[in-house]
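Below, each chain spelled out in residue letters.
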Amino acid sequence: MIPALSVEDLTVKYRNGPGPVTAVREVSLEIQPGEVHGLVGESGSGKTTLALAVMRHLPEQAVITSGSIRVDGQELIGLSPERLRPIWGSQIAMVPQDPLSALNPTLRIGKQLSERFEALSRSDARDKAIELLEMVQIADPARVARSYPHQISGGMQQRVMIAMALSAEPKLLILDEPTTGLDSTTEAVVLDLIRELMRARQTATLYVSHSLGVIAQFADRLTVLYASELVEHGSKMDLFENPLHPYTCGLLDSVPRLGENKREIQLRSIEGRIPSLEDLPSACVFAPRCPVVIDICQETRPALEGAGATRQVRCYRWEETRAGEIDPRQPPAPPPLERPTIAETALQIENLEVRYDQPRSLAEWLRRSPRQSVRAVDNVRLTIRKGETLGLVGESGSGKTSLAQAVVGLVDSARGRVELFGAELPTQIKHRDRETLSRLQMVMQNPDEALNPYLTVGQSLSRPLALLRGIHSEEEVRRLLEGVRLPPEYADRYPAQLSAGEKQRVAIARAFAAMPGLVLLDEPVSSLDVSVQASILNLLNRLQTEHGTSLLFISHDISVVGYLSETVGVLYLGQLMELAPSENLFDPPYHPYTEALLSAIPLLDPKATQERVRLRGGIPSSLEPPSGCPFHTRCPRFIGDICIEQTPPWQEDKTGKRIFCHIPVSDLRREQGQVFAMRKRE
Amino acid sequence: MTKESTTAGVTPARGWRPFTVLTRLFGRPASAAGTSIVLIFLLMALIGPLIAPYGVNEQIPSETRQAPSPDHWFGTDHLGRDVFSRVLFGARDILLLAGLGTFLAVLAGTAIGLLSGYRGGTFDEALMRVFDSLLAIPALLLALLLLGVVGPARNALLIVIVFVYTPIVARVARSVVLSVKSKGFVQAARMRGESETWIIFREILPSAFPTLTVEGALRFSYAIFLIAALGFLGIGVQPPNPNWGLMVAEAREHVFQTPWALWMPALAISVLVIGVNLMADGLRRVLRVPGA
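Residues numbered from 1 in each chain as written. Chains lettered and ligands numbered in written order. Predicted model: local features only at pLDDT ≥ 70, side-chain atom pairs only at ≥ 80, totals over all residues. Heavy atoms only, no water.

### Focus: the overall build of chain B
The criterion, for reference: Only runs of H or I of at least four residues qualify as helices and only runs of E of at least two qualify as strands under DSSP, and these elements are numbered from the N terminus. Exposure categories follow from relative accessible area, calculated using a 1.4 Å probe and restricted to protein chains: below 20% of the type maximum is buried, above 50% is exposed, and the middle band is partly exposed. A contact between two residues is defined here by any heavy atoms of the two lying within 4.5 Å. Computed by Shrake-Rupley with a 1.4 Å probe, the accessible areas treat only the displayed protein chains as cover when residues are assessed. Note on charges: Lys and Arg go in the positive column, Asp and Glu in the negative column, and His and the chain ends are not counted at all. In plain terms, the charge of a residue is placed at NZ if it is Lys, CZ if Arg, CG if Asp and CD if Glu.
In terms of helices and strands, chain B carries 10 helices and 0 strands. If one aligns the C-alpha atoms of chain B with their principal axes, the spans along those axes are about 85 × 50 × 25 Å. Relative to its full complement of 292 residues, chain B shows a buried share of 48%. The contacts in chain B between residues at least 6 apart in sequence include a share of 72% that link residues at least 24 apart. About 13,600 Å² of surface is accessible on chain B, with carbon and sulfur atoms providing 68% of the total. Looking at charge distribution, chain B has the averaged site of its 24 positive side-chain charges lying 11 Å from that of its 17 negative ones.

In C-alpha cells form, the structure reads like this:
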C-alpha cells in the first residue's frame with residue numbers, strides 16, 4: 001500500500017539569523033491511509049515547521065536542505081508553486097490553529113465554501129456548501145452560510161475550517177492544534193466531530209498538538225519531537241504505557257492528571273529549559289535535562305534505533321530502560337511539609353460584583369437611555385483559610401480574572417465586601433495602605449508582560465522589598481532568587497534574556513518578596529510549556545508550605561486546579577456554580593456544568609473511560625445574562641421553568657460540597673455516575 | 001539548584017546607551033548613510049561659519065551669476081553672493097529651530113500624553129478631542145495662522161513648531177501608555193504602592209522611549225520642511241539671516257540664469273530630510289529591548 005504521507009530524512013533550516021538554524025533535523029515519518037498520526041512537541045520542537053514543510057508552505061526564510069516528502073506517492077520537493085497549487089486542497093488540506101485569521105473576513109461563510117466548487121453552477125455550489133456545513137454538524141447551516149466569520153463563535157469557525165478542508169476529500173489532512181484556542185467544553189464538541197469524521201472517512205491525518213491528552217484520545221501512532229529532533233516514535237499504547245525516551249517519560253509525568261491532588265502525587269518536572277534552536281546541544285539534544293545522562297550522550301549524537309517492529313527511539317540507554325535497569329523518569333518533588341490547617345480566615349469575599357459599563361453612543365446619550373453594563377462577576381462569596389489554596393476554574397468570560405483583579409483593587413467598579421485577615425479592604429488600590437498592600441500580591445497570566453523589559457531582574461525584585469518591607473539589600477534579592485531556584489547572577493539579567501518559565505519564576509519571587517499572606521495567581525502556568533508547568537506548580541507548592549501563604553489559584557484547566565487546591569470553585573458567567581473540597585470534586589454529585597467540564601477534558605490515558613456530556617451552543621453574552629440559573633440555556637439536566645425563573649439555591653451535601661442548582665443533591669447523586677475513570681499512577 | 005544555571009552563558013546586557021545605538025545604526029547601510037548625512041549637517045551647523053569661504057551676505061559685484069567652480073563651489077547668485085557659504089550658514093538656523101522646536105514639542109507632548117493616558121477619564125477624553133480638532137488643520141495652515149497673529153520672528157517660529165507638533169507627539173505617547181498600562185508589570189507596580197510619578201516615568205516611559213525617539217526624528221524632518229516652506233513663503237526666518245527656503249524663493253525669479261542658486265539650497269533641504277528619515281527608520285530597528 002502506498003503510504004498517504006512519507007517523509008524521509010527531512011531537514012529544514014531557517015536563514016534569518018546570523019547563521020542557518022536547524023528547525024527540523026533529519027525527521028522521517030510515514031502515515032498509512034486511514035491512520036491518525038500524532039505529532040507532539042513543545043514550543044521550539046519544530047512541529048509546526050514540519051507540518052508546514054509537508055504542506056510545502058514554509059515561510060520564505062525557511063529552506064528544506066535535504067529529504068523527501070511524498071504524498072500518496074508523489075514527491076513534493078522540487079515542485080514549482082504552479083504544480084503545487086492543484087495538490088493543495090485536493091491532496092493535502094490543513095486546519096490551522098486560529099480559524100478567524102484563516103477565513104476571509106469580508107466574505108460570507110457560504111460564499112467561501114462554495115468557491116471551491118468552480119465547476120458547479122452557482123446554486124449547486126451553494127447546496128454543496130450547505131451540505132458541508134451539515135456534515136460538520138452545524139445546526140442551522142443556512143443561517144451560518146449567510147454569516148460573516150466574525151458573527152459566529154470560535155467553535156463554529158473551526159467547524160467551517162474542517163468542512164473546508166474535507167470538501168475536496170484530501171488524501172492527507174493536517175490538523176495544527178485545531179482546538180487549542182477553544183474553551184474546553186467547545187473543544188470537546190469539536191474533538192468529537194473530528195473523531196467521528198476521521199472514523200467515517202478514513203482520511204490519513206497528521207495531528208499536531210502540544211497536548212498529550214488530545215493525542216491520547218486521537219492518534220493511532222505518534223511521534224515525539226524535541227528541539228528539532230525526532231526522539232521517539234511508536235504506537236500510542238507503546239508510548240503511553242512504556243515510554244522509552246527520558247523526554248517522553250518526562251512529558252507524561254509533568255502534567256497533573258484529572259483527579260490527582262498534591263496530597264497524593266508529587267509532579268516530576270523536567271528541570272532546565274528547552275534549548276533555543278540557535279544553541280542546540282551538539283550530541284543528544286536532551287542530554288542537559290536528562291536524569292540518566294552518561295558521557296557518550298554529550299559526545300556523539302545517538303542514532304534512531306528500532307525498538308521493535310514499529311517503534312523507534314533516539315537514546316543510548318533505551319534497552320536498559322526497557323529492561324527496567326534504569327529509571328529514566330525525573331525525580332519527584334519532595335512531598336510538601338504537613339501543615340496543620342489553621343481555622344483563621346485569610347480572605348472572605350461577600351457578594352462581590354464587578355460591572356463594566358459599556359460606552360454609550362451619542363444618540364443613546366441624547367436619548368438618555370440607560371448604560372448597558374457587562375456583569376463580569378456576580379454575587380460571589382468565597383472564603384480562603386490561612387495556608388489553604390482555593391482554586392477557581394472557569395472558561396473564557398467566566399469572570400475569573402475580573403474577580404482576582406477586583407480583590408487586588410485594580411477594578412474601580414467592584415462592589416461588595418472583601419475582608420483580608422479580618423480587615424475590610426477598600427475597593428480601590430489607591431485607598432489601601434502599605435501594610436494592606438504587602439499582605440496581598442498577585443501573579444499575572446502572561447509572563448512576558450509581567451516584568452518591565454527595561455529593568456533588570458534585580459531591580460524588579462528590589463522594589464517591593466524596599467517599598468513594602470523597607471529592605472535595601474542585594475543579599476535579600478539573591479535569597480529571593482534562590483527561593484525560586486534561579487542562580488544569583490540572574491539579578492543582572494534583563495527579562496529578554498529569560499525563558500518564559502524563568503520570567504514566571506521571577507514574577508512569583510516578586511509577589512512573595514513582600515511576604516504576603518495571600519497570593520492571587522491568575523493562570524500562572526497556562527502560557528507555559530508542559531515541561532515547565534510542573535516545575536512552577538511544584539515551586540508554588542513549596543513556597544506555600546514554607547511561608548504558610550494562602551493562594552487563590554485561577555485557571556481554565558480543571559486538572560491543574562484540582563491538583564493544587566484544597567477547595568475548588570467553578571465559575572460560570574461570573575457566578576459560582578459549585579464549591580467543592582478537591583477530594584470530592586471528581587465524584588458525584590456534580591453541578592451539571594462541572595459534570596460537563598470533567599467530561600470535556602481529554603484524559604491522559606488511552607485506556608481511560610469517560611462519560612460523554614456535551615453542552616449545546618456557546619457561552620451567552622454577559623451583556624444579557626440568562627435569567628434564573630445562568631446555566632439554564634446550555635444545561636443538559638434542565639428541568640423546566642423553574643430554572644428560567646428562579647435563582648437556584650445553594651445546596652450542601654454531606655461531604656461539604658456546595659452546589660448552586662435547583663435539582664436536589666440526592667437526585668443528582670442518583671442520576672450521575674462517575675464522569676471518568678482512569679488508572680492511578682504510583 | 002536547577003540545571004538552568006548551567007545554561008547561564010549569557011553575558012549581562014547593558015541597557016541601550018547612545019554609543020551602542022550609534023554603533024548599531026552604522027551596522028546597516030541605509031541607516032548608516034542617513035546617520036552620516038545628519039552628522040555632516042550637524043557639523044556644518046557647528047563649524048560652518050568658520051569654514052565658509054565668504055561672508056553670508058557678502059556681495060561680490062564682479063562675480064554675480066557664476067556657475068559652480070573651484071572658487072565658488074555652488075556658484076553665486078544674481079547679487080554675487082556665494083551660494084555655498086549661504087547654504088552653510090543656513091544650516092545653523094534651520095537645524096537649531098527645527099531641532100529645538102521638535103525637542104520641546106516631544107518634551108511637552110510626552111508629558112501631556114503620558115499623564116493624560118495614564119489618568120484617563122473625562123479630562124483625557126476632552127483633551128484628546130481638542131487635539132483631534134487641532135490635527136484636522138494642516139500644519140502649514142496652522143503655522144500661517146499663528147505667524148499672522150504673532151508676527152514673523154524666530155521665537156514665533158519656535159512656538160509654532162512646538163504648538164503644531166505637541167498634539168501629535170502627545171497622541172503617540174498616549175497610545176503607548178494605553179497599551180502598556182494594563183500590562184502585568186504596571187499592575188504589579190500599583191500593587192506594591194508605587195507613586196504615580198514612579199509608574200509613569202520609571203515603568204511606562206522606558207517602553208515609550210523607542211517609539212518617541214522615532215517619532216521625534218520624524219517630526220524633526222517635518223519641522224525642517226515646515227521652516228523651509230515658511231521661509232519660501234517669506235514669513236519664516238527673515239532676511240538678512242540666510243534661510244534655505246528663502247534662498248529658493250529668491251532664486252526662483254532667476255532660475256534660468258542661476259539654476260544652481262535654486263538647486264543647491266533645495267538639495268540641502270531634501271538631502272537633510274532624506275537623511276533624517278533614513279536615520280529614523282534605522283532607529284526603529286535599532287532600539288530594542290535590552291538583552292534582546
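### As for the pattern of salt bridges
In plain terms, the rule: For salt bridges, the criterion is a side-chain nitrogen of Lys or Arg within 4 Å of an Asp or Glu carboxyl oxygen.
Scanning all chains against the criterion turns up 50 salt bridges over all chains. Glu229(A) serves as the salt-bridge partner of Arg314(A), at 3.7 Å between the closest nitrogen and oxygen. Of this pair, Arg314(A) sits in the loop between strand E12 (312–313) and helix H13 (318–323) while Glu229(A) sits in strand E10 (residues 229–235), and the two are 85 residues apart along the sequence. Like Arg314(A), the residue Glu229(A) is buried in the burial classification. A salt bridge links Asp281(B) to Arg284(B); the shortest N-O distance between them is 3.6 Å. Taken together, the residues span about one helical turn, with Asp281(B) and Arg284(B) both in helix H10 (residues 259–286) at a distance of 3 residues. A network of salt bridges, in which partner residues are shared, links Arg25(A), Glu26(A), Glu229(A), Arg301(A) and Arg314(A).

### Here's the deal with the packing of aromatic side chains
Defined as follows: Two rings from Phe, Tyr or Trp (for Trp, the six-membered ring) form a pair when their centres are within 6.5 Å of each other. A pair whose planes differ by under 30 degrees is stacked, one over 60 is edge-to-face, and the rest are tilted. Remark: a charge is flagged as sitting over a ring if the NZ atom of Lys or the CZ atom of Arg is within 6 Å of the ring centre and within 35 degrees of the ring normal.
Summed over the entire model, instances satisfying the criterion amount to 12 aromatic pairs over all chains. Ring centres of Tyr572(A) and Tyr593(A) lie 4.7 Å apart, and the angle between their planes is 55°; this geometry places the pair in the tilted category. In this pair, Tyr572(A) sits in strand E21 (residues 567–572) while Tyr593(A) sits in helix H24 (residues 592–600), placing the two residues 21 residues apart along the sequence. One exposure class covers both Tyr572(A) and Tyr593(A), and it is buried. Consider the rings of Phe74(B) and Phe84(B), whose centres lie 5.0 Å apart with planes at 80°: the pair is edge-to-face. With Phe74(B) in the loop between helix H2 (29–51) and helix H3 (83–119) and Phe84(B) in helix H3, this pair connects stretches of sequence that are 10 residues apart. Residue class for Phe74(B) comes out partly exposed when judged on its relative accessible area of 21%. One aromatic cluster is present, formed by Tyr226(A), Tyr247(A) and Phe286(A) through successive ring pairs. The positively charged end of Arg195(A) is found above the aromatic ring belonging to Phe218(A), 5.2 Å away from the centroid.

### Observations concerning the side chain of Arg317(A)
Rules: Identification of polar contacts relies on pairs of N or O atoms within 3.5 Å, with a donor-acceptor requirement for protein atoms, meaning one able to donate a hydrogen and the other able to accept it, and with residues adjacent in sequence counted only if both atoms are side-chain atoms.
Assignment of secondary structure puts Arg317(A) in the loop between E12 and H13. Within the structure, Arg317(A) has its side chain in polar contact with the side chain of Glu320(A) (distance 3.0 Å).

So, to be careful, I would describe these as geometric facts and stop short of saying anything about function.
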